[in-house]
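Descriptive analysis of the structure
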Amino acid sequence: MSDAARGHSAATVYEASPSSVRVCDPGLRAVWAGARLAGPAFTVRGIGGDNLALHQAVALAPAGGVLVVDLQQAAHGHWGEILAVAAQQRGIVGLVVDGGVRDVTEMATLSFPVFARHVTVLGTGKDHPGRFGAAVRVGGTVIHAGDLIVGDGDGVVVVPAGTVTDTLERADARVAAERQALAAIRAGTTTLDYYRLTPSTDTTGMR
Ligand SMILES: O=C([O-])CC(=O)C(=O)O
Ligand SMILES: [Mg+2]
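An unreviewed UniProt entry annotates the protein as Putative 4-hydroxy-4-methyl-2-oxoglutarate aldolase of Actinoplanes subglobosus. Per UniProt, the comment on the protein under Subunit (unreviewed entry) is "Homotrimer." The record held by UniProt for the protein lists under Function (unreviewed entry) the comment "Catalyzes the aldol cleavage of 4-hydroxy-4-methyl-2-oxoglutarate (HMG) into 2 molecules of pyruvate. Also contains a secondary oxaloacetate (OAA) decarboxylase activity due to the common pyruvate enolate transition state formed following C-C bond cleavage in the retro-aldol and decarboxylation reactions."

Looking now at the overall build of the protein. Summing up its helical and strand segments, the protein has 6 helices and 11 strands in all. Projecting the C-alpha coordinates of the protein onto the three principal axes gives extents of approximately 65 × 40 × 30 Å. Looking at the protein residue by residue over its 207 residues, the buried ones come to 41%. For the protein, restricting intrachain contacts to residue pairs at least 6 apart in sequence, the fraction spanning at least 24 positions comes to 75%.

Turning our eyes to something else, we now look at the site of ligand 1. Residues in close proximity to ligand 1 include Asn 51, His 55, Gly 77, His 78, Trp 79, Gly 80, Glu 81, Ile 82, Leu 83, Arg 102, Asp 103 and Lys 126, which together make up its full environment. For ligand 1, an oxygen atom lies 2.9 Å from a polar atom in the side chain of Asn 51. Between ligand 1 and the protein, one listed contact pairs an oxygen atom with a backbone N or O atom of Leu 83 at 3.1 Å. Notes on ligand 1: free accessible area 260 Å², of which the protein chains cover 88%. The biggest single contributor to the shell around ligand 1 is helix H3 (residues 81-89), with 3 residues.

Parameters and conventions
- Residues numbered from 1 in each chain as written.
- Chains lettered and ligands numbered in written order.
- Predicted model: local features only at pLDDT ≥ 70, side-chain atom pairs only at ≥ 80, totals over all residues.
- Heavy atoms only, no water.
- UniProt positions renumbered as here; feature names shortened; annotations may be inferred.
- Helix = DSSP H or I, 4+ residues; strand = E, 2+ residues; numbered from the N terminus.
- Buried < 20%, exposed > 50% of the residue type's maximum accessible area, 1.4 Å probe, protein only.
- Contact = heavy atoms within 4.5 Å.
- Near = heavy atom within 4 Å.
- Polar contact = N/O pair within 3.5 Å; in protein donor to acceptor, adjacent residues only side chain to side chain.
- Areas by Shrake-Rupley, 256 points an atom, 1.4 Å probe, with all protein chains shown as cover.

Given below as C-alpha cells:
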C-alpha cells in the first residue's frame, strides 16, 4: 500500500473516524485477491458502455492519483490490461470504477489494483469524452477530487480531503490500541474482559 494512508487498512481508516469517513457499497470489490490502494481521487464521469473517458483519464491524471470513475454501474469491460499498463506508465496508483472491467488475471500479474462492480468480457465503444474533476457518485457515495481513497479486500472507503490528517492520526492511535488488545488476548484475556463487555444474556447454564 502506498504511503497516502500510512499503510492503514480500509477498516481501520473507517473505524478511526466513522462520522466523516464514507464507505462505498459492498458491490464494489477488489477484482483480484490482495489488491489494495491508497491515494487522492482523480474523478471521472463517463458514459456506461463507452471507455473513451478512461483513455483520456489515464493521460490527464497526476502520478500518485487514484482514478475514481462513474460509469453508471454499466456491465461492460471498460478497463483491462492495456489501460492498466498505460496507467502504470504514468504512475497512477489504481482504479475504482462503478462499472465493469476485464483482463483481471493480467491485472493481478501487473499488481495494478482495481475495484469494480462487475467483471465481464463485454467490450465498449470509444465515442464519448469524459468529464474530469467534478463530484461523482461511485459505490453509492459522493466523491470529490482530492478525497483520500483507501481500498483493500474489505472494500473501499473515502476520507474527505479536509479530514485526512485528523483521520490518519486517529488511525495510528487505533492501531496502537489494537496492538495492546492483541497482546492481552494472546496472553489469555477474554475479549469480554478486555473491552469490559457485559453480556445481557445469562449464559452461566450453557455448556
Ligand atoms: O478495450 C479496452 O480498452 C479495455 C481493455 O480490454 C484493455 O484496456 O485491455
Ligand atoms: Mg484488454
